[in-house]
Amino acid sequence: AAGVIQSPRHLIKEKRETATLKCYPIPRHDTVYWYQQGPGQDPQFLISFYEKMQSDKGSIPDRFSAQQFSDYHSELNMSSLELGDSALYFCASREQGSTGELFFGEGSRLTVL
Amino acid sequence: KQEVTQIPAALSVPEGENLVLNCSFTDSAIYNLQWFRQDPGKGLTSLLLIQSSQREQTSGRLNASLDKSSGRSTLYIAASQPGDSATYLCAAPRNTGFQKLVFGTGTRLLVSP
């Protein structure tokens, strides 16, 4: 069965650089969520999209932005990277009106040097 | 604001033991509750999803129960195996349309051969 695809899986950046993470949800899933998981932390909600519109916003820094495209894939853009942005970034998807089960990708590990 | 707590934070058991992981949530207006497994540095694998109208769900050696009135869920693992060693996270969404998940603090399980 198709799963949530995230790319790149690993990314190394310098401070003040920019990074873009991509997420391809499961086919027919119209809702995408982004989570950030720091070392030893539980995942923290960043932002979500439903039908290409932002549906909810969590603890996402102003330096970060995201969008969902017409094919439902989503991108998380991070600028002016800081050391503290080093984390695992997860994307999850869900089909509205279904059981409500959330499916997660394998994550993108960002390291900021 | 939903807060999810898990106890114990860590658990070490010998192979073959039956064990219970606990999850508490403060806001009982949840749509469902999901249990996840996370291996170190890896993604989140959905184990069980319990709808708010259900009392329990079973999958193989795993059984999860839900008591909304008391704000508690338990994950029961029967006949534990070394391969069960991982961090187990519970997560509950608010009973709203876009249902972002709020994660618990996790239980780190180690099953020794």
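Everything below is about the structure shown above.
These lines cover the structure that appears in this document, whether it is placed above or below.

Calculation notes
- Residues numbered from 1 in each chain as written.
- Chains lettered and ligands numbered in written order.
- Predicted model: local features only at pLDDT ≥ 70, side-chain atom pairs only at ≥ 80, totals over all residues.
- Heavy atoms only, no water.
- Pairing = 2+ DSSP bridges.
- Helix = DSSP H or I, 4+ residues; strand = E, 2+ residues; numbered from the N terminus.
- Axes fitted to C-alpha atoms, helices over the stretch in contact; angles between N-to-C directions.
- Buried < 20%, exposed > 50% of the residue type's maximum accessible area, 1.4 Å probe, protein only.
- Contact = heavy atoms within 4.5 Å.
- Disulfide = S-S within 2.5 Å.

Looking now at the sheet that holds strand S7 (residues 64–68) of chain A. All names here are of chain A. On the basis of which strands lie adjacent, the open sheet formed by four strands has the order S1-S3-S8-S7 and antiparallel pairing. Strands at the two margins of the open sheet, each flanked by one partner only, are strand S1 (5–7) and S7. For this sheet the average axis-to-axis angle between neighbouring strands, irrespective of direction, equals 15°.

Residue and element names in this part refer to chain A. With respect to the helices and strands, the residue Val32 is situated in strand S4 (residues 31–37). With a relative accessible area of 0%, Val32 lands in the buried category. A C-alpha to C-alpha distance of 9.0 Å links Val32 and Glu95, two positions 63 residues apart in sequence. Apart from residues lying up to four places away in sequence, Val32 is in contact with Cys23, Pro25, Ile47, Ser48, Phe49, Gln68, Tyr72, Ser74, Cys91, Ala92 and Ser93.

Another aspect to go through is the side chain of Ser80(B). All names here are of chain B. Mapped onto the secondary structure, Ser80 falls in the loop between strand S8 (72–77) and strand S9 (86–93). Ser80 gets classed as buried once you look at its relative accessible area, which sits at 1%. The residues touching Ser80, leaving out its near neighbours within four places in the chain, are Val13, Pro14, Glu15, Gly16, Glu17, Leu19, Arg61 and Val111.

Once that is clear, we can look at the side chain of Gln38(B). Here Gln38(B) shows up in strand S4 (residues 32–38). Leaving out residues up to four positions away in the same chain, Gln38(B) has contacts with Gln37(A), Leu88(A), Phe90(A), Gly43(B), Leu44(B), Ala86(B), Thr87(B) and Leu89(B).

Residues and elements named next belong to chain B. Scanning the model with the defined rule gives two disulfides over all chains in all. The side chain of Cys23 participates in a disulfide bridge whose partner is Cys90; the two sulfur atoms lie 2.0 Å from each other. Note on the Cys23 and Cys90 pair: the S-S dihedral is about 75°, so by sign convention the disulfide is right-handed. In this pair, Cys23 is assigned in strand S3 (residues 19–25) and Cys90 in strand S9, connecting sequence segments 67 residues apart. Accessibility expressed as a relative area gives 1% for Cys23, which makes it buried. A relative accessible area of 0% means that Cys90 is categorised as buried.

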